[in-house]
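Structural features, examined
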Amino acid sequence: MHSLEFDIAHFLAGGMVVISLLLLYQHRLYALLKVFALHSLTLALAVGWQAYIQEAHHLYVTAGIALIFKAIVIPAALYRIVRRLGIHRTLDVVGGVGRDMLAGAALVALAILVMLPVTAGTDAVAREDLAFALAVVLLGLLLMVNRHNAVSLVIGFMSLENGLVLAAAGARGMPLAVEISVAFSVLIALIVIGIFLFRIRERFDSVDMQAMDAFRGERRR
Amino acid sequence: MPLPLLLSLSMILLAIGLYAILASRRASCSLQVYGVSLVICVILLGMALTHLLNAAAPVTLTLPLGLPWLGAHFRLDALSAFFLIVVNLGGAVASLFALGYGQHEPAPGRVLPFYPAFLAGMNLVLLADDAFTFLFAWEFMSLSSWALVMAHHREPANARAGYLYLVMACLGTLALLLAFGLLAGANGGYDFATIRTVEMTPGLAALALILVLMGTGSKAGLVPLHVWLPLAHPAAPSHVSALMSGVMTKVAVYGFIRIVFDLLGEPVAWWWGGLVLALGGITAVLGVLYALMQHDLKRLLAYHTVENIGIIFIGLGLALAFQSNQMYASAALALTAALFHVLNHSLFKSLLFMGTGAVLTATGERDMERLGGLIHPMPWTALAFLTGAAAISALPPLNGFVSEWLTFQAILLTPELPQWLLKFLAPAAGALLALSAALAAACFVKAFGITFLGRPRSPAAAKAQETDRYSLAALFTLAALCLLAGTLPGLVIDGLSPAVGLLNGGAQLPAQQHQPWLTLVPVADMKSTYNGLLVLLFMALSGILAAVLIHGFASNRVRRSPAWDCGFPDASPAAQYTAGSFAQPIRRVFGSVVFQAREQVTMPPPGDGRAARFEVKMRDPVWDYGYAPITQAVIALSKRFNNLQYLTIRRYLSLVFGALVLLLLGIVLWR
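Rules used throughout
Residues numbered from 1 in each chain as written. Chains lettered and ligands numbered in written order. Predicted model: local features only at pLDDT ≥ 70, side-chain atom pairs only at ≥ 80, totals over all residues. Helix = DSSP H or I, 4+ residues; strand = E, 2+ residues; numbered from the N terminus. Buried ≥ 20, exposed ≤ 12 C-beta atoms within 10 Å, placed from the backbone. Contact = placed C-beta atoms within 7 Å. Rg over C-alpha atoms; globule rule 2.2 N^0.38 Å. Expected span 1.5 Å × (residues − 1). Nonpolar A, V, L, I, M, F, W, Y, C, P; charged D, E, K, R; others polar. Axes fitted to C-alpha atoms, helices over the stretch in contact; angles between N-to-C directions. Parallel < 35°, antiparallel > 145°, perpendicular 65-115°, else oblique. Core = buried A, V, L, I, M, F, W, Y, C linked by C-beta atoms within 7 Å. Domains from an automatic or database assignment. Left-handed = near helix turned anticlockwise from the far one by under 90°. pLDDT = per-residue confidence, 0-100.

Okay, the overall build of chain A next. Within chain A, the secondary structure is distributed over eight helices and zero strands. Starting at the N terminus and walking to the C terminus, you meet the elements of chain A as α-α-α-α-α-α-α-α. Here chain A, with 221 residues, has 41% of them falling under the buried criterion. Residue pairs in contact within chain A that sit at least 24 positions apart in sequence constitute 72% of those at least 6 positions apart.

Our focus in this paragraph is the overall build of chain B. A count of helices and strands for chain B gives 23 helices and four strands. What you see for chain B is a C-alpha radius of gyration of 26 Å, in line with the 26 Å of a compact globule of 671 residues. Summarising its shape, the C-alpha atoms of chain B cover approximately 100 × 70 × 60 Å along the three principal directions. Looking at chain B as a whole, 50% of its 671 residues are labelled buried. Contacts spanning at least 24 positions in sequence make up 80% of the contacts within chain B whose residues lie at least 6 apart.

Between its terminal C-alpha atoms helix 2 (residues 29-54) of chain A stretches 37 Å, which fits the 38 Å expected from 26 residues at 1.5 Å a residue. Two residues or fewer past helix 2 of chain A, Glu 55 of chain A is found with a positive phi of approximately 55 degrees.

A word on the environment of Val 192 of chain A. All names here are of chain A. With respect to the secondary-structure elements, Val 192 resides in helix 7 (residues 176-204). By the C-beta count within 10 Å, which is 10 here, Val 192 ends up exposed. Along the sequence, Val 192 and Gly 104 sit 88 residues apart, while their C-alpha atoms lie 29 Å from each other.

Facing the 13 residues of chain A at the interface are 15 residues of chain B. Taken together, the elements giving at least two residues each to the side of chain A that touches chain B come down to helix 4 (97-118), helix 5 (124-146) and helix 8 (209-215) of chain A. Of the residues contributing to the side of chain A that touches chain B, the split by class is nine nonpolar, no polar and four charged.

Turning next to the packing of helix 5 (residues 131-149) of chain B against helix 6 (residues 156-184) of chain B. All names here are of chain B. Between helix 5 and helix 6, the shortest axis-to-axis distance is 10 Å and the interhelical angle comes to 175 degrees. Classified by the angle between their axes, helix 5 and helix 6 sit roughly antiparallel to one another. Note on element contacts: helix 6 touches helix 5 through Asn 158, Ala 161, Gly 162, Tyr 165, Leu 166, Ala 169, Thr 173, Leu 176, Leu 177, Phe 180 and Ala 184, opposite Ala 131, Leu 135, Trp 138, Glu 139, Ser 142, Trp 146 and Val 149. Across the contact of helix 5 with helix 6, the residue classes tally to 13 nonpolar, four polar and one charged.

On to the nonpolar core, then. Core analysis: the biggest nonpolar cluster contains 214 residues, and Phe 82 and Val 251 of chain B have the highest contact counts within it. Top contributing element to this core by residue count: helix 13 (residues 328-363) of chain B, with 21 residues. The two domains that each donate at least three residues to this core are domain 1 (1-169 + 223-264) and domain 2 (266-551) of chain B. Once residues lying within four places of it in the same chain are set aside, the contact partners of Val 251 of chain B are Phe 83, Val 87, Met 122, Val 125, Leu 126 and Met 141 of chain B. With 65 residues, the next largest nonpolar core counts Val 108, Leu 130, Met 158 and Ala 168 of chain A among its residues.

Before going further, it helps to spend a moment on helix 15 (residues 399-412) of chain B. Between its first and last C-alpha atoms helix 15 of chain B spans 20 Å; for 14 residues at 1.5 Å apiece the expected length is 20 Å, and the two agree. Burial analysis of helix 15 of chain B places 11 of its 14 residues in the buried class, the great majority of the element.

Another point: the packing of helix 16 (residues 420-452) of chain B against helix 21 (residues 579-594) of chain B. Residue and element names in this part refer to chain B. Orientation of helix 16 relative to helix 21, taken along the N-to-C sense of each, is 165 degrees, at an axis distance of 9 Å. Taken together, helix 16 and helix 21 sit at an angle that is classed as roughly antiparallel. Viewed along their axes, helix 16 and helix 21 form a crossing whose handedness is right-handed. Here helix 16 contributes Leu 439, Ala 442, Lys 446 and Ile 450 to the contact with helix 21, which in turn contributes Ala 579, Phe 582, Ala 583 and Ile 586.

Our next topic: the environment of Ser 30 of chain B. Mapped onto the elements of the fold, Ser 30 of chain B is located in helix 2 (residues 29-53). Not counting residues within four places of it along the chain, the set of residues in contact with Ser 30 of chain B comprises Gly 102, Gln 103, Glu 105, Pro 108 and Leu 112 of chain B.

Quick look at the confidence of the model for chain B now. All names here are of chain B. In this model, chain B carries a mean pLDDT of 89, and residues with pLDDT of at least 70 account for 98%. Confidence, expressed as mean pLDDT per element, reaches its minimum in chain B at helix 21 with 85 and its maximum at helix 14 (residues 379-392) with 95. Quick note on the complex model: pTM equals 0.81, ipTM equals 0.82.

All names here are of chain B. One can read the domain layout of chain B as domain 1 (1-169 + 223-264) and domain 2 (266-551). With centres defined by C-alpha atoms, the gap from domain 1 to domain 2 works out at 23 Å. With 38 residues of domain 1 at the interface, the matching set in domain 2 holds 43 residues. For the side of domain 1 that touches domain 2, the secondary structure elements donating two or more residues are helix 2, helix 3 (78-101), helix 9 (229-235) and helix 10 (238-263). With 14 residues, helix 10 is the largest single contributor of residues to the side of domain 1 that touches domain 2.

Further remarks concern unusual backbone geometry. All names here are of chain B. At the junction of Val 223 and Pro 224, the peptide bond is cis and its omega measures out at 10 degrees in the coordinates. Structurally, Pro 224 is set in the loop between helix 8 (202-220) and helix 9. Between Pro 396 and Pro 397 the backbone carries a cis peptide bond, its omega angle lying at 10 degrees. For Pro 397, the location among the structural elements is in the loop between helix 14 and helix 15.

What follows covers the environment of Thr 173 of chain B. Residues and elements named next belong to chain B. Mapping Thr 173 onto the fold places it in helix 6. On the neighbour-count criterion, Thr 173 (17 C-beta atoms within 10 Å) is partly exposed. For the pair Thr 173 and Ser 218, spaced 45 residues apart in sequence, the C-alpha separation works out to 9.1 Å. Apart from residues lying up to four places away in sequence, Thr 173 is in contact with Leu 135, Trp 138, Glu 139, Ser 142 and Gly 215.

Here chain A shows a mean pLDDT of 80. Residues at 70 or above account for 83%. Predicted confidence in chain A is weakest over helix 8 of chain A, with a mean pLDDT of 67, and strongest over helix 2 of chain A, with 90.

Here it is in structure tokens:
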């Protein structure tokens with residue numbers, strides 16, 4: 001009953017989850033950016049495949065947006081930012097790899113446990129897609145929670161957004177206008193975050209969140 | 001097609017508001033804005049009158065605005081036509097008054113843009129025929145009136161009033177939002193035509209009733225949701241106070257009637273009527289007691305609004321009680337009484353607020369203890385104010401008497417109700433109504449007597465001058481309408497009957513205009529009748545006779561003697577009877593229990609040159625037991641959670657993450 005189409009969709013969506021897990025233990029910023037570009041590339045492929053098997057032509061546009069913006073423009077921009085800030089040698093380590101992997105595996109299990117019973121009525125492709133998408137979202141959040149560096153936070157946010165696009169592509173019927181506006185809002189977010197990074201850097205000589213927390217002075221009453 | 005015209009007229013009002021933003025610095029702007037508002041209100045009034053008097057069929061209109069799958073629905077039927085009359089009559093007279101009064105406005109830029117917008121908002125509420133449009137217009141009305149309350153925002157009391165008003169308005173709209181959510185049912189049909197067809201379980205319907213009571217009651221001023229009203233209504237300029245008190249509270253009553261009588265359909269349980277009846281009775285008495293304790297003229301009037309809303313809700317409660325027992329003839333009487341009182345209150349409360357506005361312009365004072373003797377410099381204002389005071393005190397032959405008399409007639413029919421609790425509750429509400437009517441009369445003896453009679457208590461009051469012609473024209477228009485509605489009540493009742501029929505399954509009072517001598521016969525000849533014309537005739541004749549007798553038999557020789565030597569040994573105006581002293585007996589009887597009023601006299605010992613002091617301390621039970629605990633709880637909680645404002649970004653993210661994971665785990669485990 002499982003056709004080749006389903007297998008490929010399953011493979012690509014599962015690939016995104018694996019790459020999300022990969023993101024979790026990339027402690028160097030350049031490595032993190034490269035894995036994120038791979039993440040976005042896989043997303044573009046997954047969405048493109050969905051467009052092909054669903055015969056939904058507007059999804060090709062979504063895939064194109066993912067490919068151009070998320071796999072090329074955003075990583076390149078962040079690459080430049082990292083170089084200009086001179087933080088490419090920074091290590092952003094919080095916990096051990098083992099702990100992160102265990103937490104990530106637990107989140108994937110949770111996502112599957114939540115999604116599979118809820119979507120019992122829909123077709124198999126959408127079910128798998130939604131479960132994987134939720135896993136990607138949760139892993140993105142975990143990445144954001146786990147990191148100190150502002151650039152890592154941005155990557156976490158972007159990979160979370162990739163998960164949302166994956167869910168939208170699998171669920172059929174999200175209008176193109178919404179997709180485009182979401183894509184643009186992410187781009188705007190990147191610009192704003194980029195500007196803020198430089199401003200923060202000017203002020204505090206660092207983009208490490210811990211340094212900023214110490215600077216806020218008013219905390220810990 | 002009247003509906004597109006009505007809507008476009010409302011839009012013109014909005015446009016005038018926009019124009020006023022640009023032009024408010026020009027001196028002529030005030031005249032232009034109020035002039036155009038007056039013309040538009042008169043046209044709207046005329047259209048609503050023709051619709052109601054012709055008993056025309058409802059007209060509907062759907063515009064592709066608002067929510068995309070819903071559109072904006074509008075409808076004009078007998079009920080909205082009646083309330084359109086109330087709103088636009090009030091709006092027209094307030095605009096006429098403001099043609100003169102608005103000249104004295106210190107900050108026209110803060111009043112002129114919002115005034116026509118406020119009028120437009122109220123009109124739109126009455127025309128709305130789906131939940132979204134209704135709530136939108138409702139909020140528009142609230143916010144524009146809030147802006148008007150904040151017109152003189154530099155006074156700290158006004159800022160506080162505006163804040164409280166905003167909080168209560170939000171609470172009310174939230175309750176209405178939830179109520180519409182319940183009414184629309186699971187399918188989410190938010191236009192009123194769909195809502196009418198939804199069948200609700202008794203529990204959900206009761207919940208919707210309570211939410212609607214909260215939502216519309218907070219706007220109308222039902223105890224205990226009235227706290228904002230006596231602060232906010234007086235804070236606005238007087239013509240706006242007249243609109244808010246006389247008209248906007250009626251829009252809230254409209255909301256209640258529309259939702260409970262029309263959308264919810266037949267009352268499911270008999271206790272609905274009992275609940276509304278009890279709330280109305282408590283509101284009436286507490287409102288008038290608060291009013292008696294007030295010495296600020298505008299605040300006193302605002303508390304009387306609370307009282308009159310109570311009277312209207314007594315009528316509505318009776319109607320619900322009768323309807324739940326299928327006694328439609330009696331329900332028609334109660335509904336007629338309530339709607340009649342809606343009209344009456346809008347007339348005399350607008351009149352009184354505008355009279356106060358005239359006094360305020362002439363003297364700059366709202367505190368009664370600093371007024372007095374104004375009948376000499378301002379005889380016409382005094383006459384109009386006296387008419388309004390007599391009307392609100394329910395004295396025949398004026399209109400207040402008729403509607404309260406009708407309410408009593410409805411109460412006299414309640415022994416036929418089968419439920420014992422209602423049998424006891426209705427006479428109790430009747431007693432409360434009688435008490436509040438008597439106390440209202442006392443209160444207006446105080447308001448008129450202290451303000452207009454006696455001698456001036458301050459230099460400002462001594463130098464007062466009669467108000468301008470526009471204001472007088474507005475005052476006397478309302479006074480004449482009060483007299484007209486009081487002497488020819490049958491015509492008003494006949495005009496009301498399509499609206500009553502709409503709400504009451506077609507049952508309405510018998511037509512009154514064919515009764516001989518325009519007598520009012522609500523139930524049957526045998527039971528009770530009232531003829532306003534006859535009463536007017538009798539009062540006029542006996543008054544003339546008394547005047548003739550006194551002038552004929554008394555000596556008309558001019559005598560000069562020390563004025564009031566036995567009661568007035570001291571020539572100082574401070575020795576006069578004051579508002580505080582007038583209210584003292586009532587304060588001792590009721591206030592010591594309800595308000596925990598405590599009087600304290602401090603006499604300096606002999607030889608001490610200080611003045612003796614008399615202090616009265618009162619507590620507001622509703623605030624102390626209802627609002628203060630809630631405020632304290634909110635503040636305590638906020639203090640506990642204040643630390644949340646100072647977390648690190650990672651902590652915030654972790655909180656979001658943790659909450660999400662917990663919720664997902666909950667879904668997994670709970671299924």
